[in-house]
Amino acid sequence: MTPRVLTPDDAVAAAVTVEAALRPVAGRDWSVQAGPLEWDVEQTITHMLGATAKYTLYLASRCQHFIGLTVRRWPDATNDEVIDSVVPVATGLAAVAAVTPPGVRAYHVTGQSSAADYVGRACVELLVHTDDALSGLGVVFAPPADLCQRVLAQQYPDAAEAGDSWPGVLAATGRPPRHCR
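Just so we're clear, the structure is a prediction, and the values are computed from it rather than from any experiment.

Definitions and limits used
- Residues numbered from 1 in each chain as written.
- Predicted model: local features only at pLDDT ≥ 70, side-chain atom pairs only at ≥ 80, totals over all residues.
- Heavy atoms only, no water.
- Axes fitted to C-alpha atoms, helices over the stretch in contact; angles between N-to-C directions.
- Helix = DSSP H or I, 4+ residues; strand = E, 2+ residues; numbered from the N terminus.
- Parallel < 35°, antiparallel > 145°, perpendicular 65-115°, else oblique.
- Left-handed = near helix turned anticlockwise from the far one by under 90°.
- Contact = heavy atoms within 4.5 Å.
- Nonpolar A, V, L, I, M, F, W, Y, C, P; charged D, E, K, R; others polar.
- Core = buried A, V, L, I, M, F, W, Y, C linked by side-chain atoms within 4.5 Å.
- Buried < 20%, exposed > 50% of the residue type's maximum accessible area, 1.4 Å probe, protein only.
- Expected span 1.5 Å × (residues − 1).
- Arc of directions from axis to C-beta.
- Salt bridge = Lys/Arg side-chain N within 4 Å of Asp/Glu carboxyl O.
- Phe/Tyr/Trp six-rings, centres within 6.5 Å; stacked < 30°, edge-to-face > 60°.
- Polar contact = N/O pair within 3.5 Å; in protein donor to acceptor, adjacent residues only side chain to side chain.

Draft legend 1. Structural context of the packing of helix H2 (residues 41–61) against helix H4 (residues 86–99). For the pair H2 and H4, the least separation of the axes is 9 Å and the interaxial angle reads 20°. Of the possible angle classes, the one that applies to H2 and H4 is roughly parallel. Regarding H2 and H4, the two cross each other, and that crossing is left-handed. Contacts between H2 and H4 involve Leu49, Thr52, Ala53, Tyr55, Thr56, Leu59 and Ala60 on the former and, on the latter, Val86, Val89, Ala90, Gly92, Leu93, Val96 and Ala97. Partitioned by chemical class, the residues of the contact of H2 with H4 number eleven nonpolar, three polar and no charged.

Draft legend 2. Main features of the nonpolar core. With 53 residues, the main nonpolar core has Leu22, Ile45 and Leu127 as its most contacted residues. Taken together, the elements giving at least two residues each to this core come down to helix H1 (8–22), H2, helix H3 (79–83), H4, helix H5 (115–136), helix H6 (145–155) and helix H8 (165–172). A per-element tally of this core places H5 first, with eleven residues. Contact partners of Ile45, with chain neighbours within four places excluded, come to Leu22, Trp30, Val82 and Ala133.

Draft legend 3. View of H1. Helix length check: H1 (15 residues) gives 22 Å between terminal C-alpha atoms against 21 Å at 1.5 Å per residue, within 8%. Of all the positions in H1, only Asp10, Ala11, Ala14, Ala15, Thr17, Val18, Ala21 and Leu22 are classed as buried. Projected onto a plane normal to the axis of H1, the buried residues spread over an arc of 160° and lie on a single side. Facing away from the buried surface of H1 by more than 90 degrees, the exposed residues are Asp9 and Ala20. Along its buried surface, H1 packs onto H2, H3, H4, H5 and H6.

Draft legend 4. Representation of the pattern of salt bridges in the model. For the structure shown, the criterion picks out seven salt bridges. With a shortest N-O distance of 3.1 Å, Asp80 and Arg23 are connected by a salt bridge. Highlighted residues: Asp80 in helix H3 and Arg23 in the loop between H1 and H2, separated in sequence by 57 residues. Residue Asp80 is classed as partly exposed on the basis of its relative accessible area, which comes to 36%. A residue is classified by how much of its surface remains accessible, and Arg23, at 32% relative accessible area, is partly exposed. One network of salt bridges, with partners in common, ties together Glu19, Arg23, Asp80 and Asp84.

Draft legend 5. Structural view of the packing of aromatic side chains. Under the counting rule described, the total for this entry stands at four aromatic pairs. Taken together, a centroid distance of 5.1 Å and an interplanar angle of 45° make the contact between Tyr55 and Tyr118 tilted. In this pair, Tyr55 sits in helix H2 while Tyr118 sits in helix H5, placing the two residues 63 residues apart along the sequence. Since its relative accessible area comes to 9%, Tyr55 is described here as buried. Classification of Tyr118 as buried rests on a relative accessible area of 0%. Their ring planes at 70° and their centres at 6.4 Å tell us that Phe66 and Tyr107 sit as a pair that is edge-to-face.

Draft legend 6. Expanded view of the environment of Pro24. Inspection of the secondary structure puts Pro24 in the loop between H1 and H2. Put simply, Pro24 and Asp80 are 56 residues apart on the chain and 9.8 Å apart in space, counted from C-alpha to C-alpha.

Draft legend 7. Main features of the side chain of Thr52. Considering the arrangement of structural elements, one finds Thr52 in helix H2. Side-chain polar atoms of Thr52 contact the backbone oxygen of Met48, separated by 2.9 Å. With residues up to four places along the chain from it excluded, the contact list for Thr52 reads Val89, Ala90, Leu93, Ala122, Glu125 and Leu126.

Keep in mind these values describe shape, not function.
In structure tokens:
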């Protein structure tokens, strides 16, 4: 049976998968539209990293209210340097989540959230926005089915019952079905 709660290691596993998928497109034009989004590839990748970093901040600080800041790409950073940031950002969240007691909650716009909640959100951000970015570049992304099944089980339990782990994650996040999967 698939575990219903993601672990901090799953955030790192998602990041390793994302880094490997993005590395071959580091030299491509990131100003093209990211799949179904209005953002371009650069904005999408920056957003997923910024969201994961902010999850870490909320969880580490145990803040109970909105923190009015954003995380942006360093102006002179190369695409390779941005890609090099994926695993460290997720590792930071994983390290904080691993030492956060289960009863601790921190702010999220959808409601107070646990470490497991933030790990799940980070996995969704990383995997789905990587797919958005890569689909804008015409590249197929297929993350590990077992990781996707755990994401579905925790974040979208109703969708998890239907199976099809990666297509299920895409559908649960409102992405169009991919016929090339």
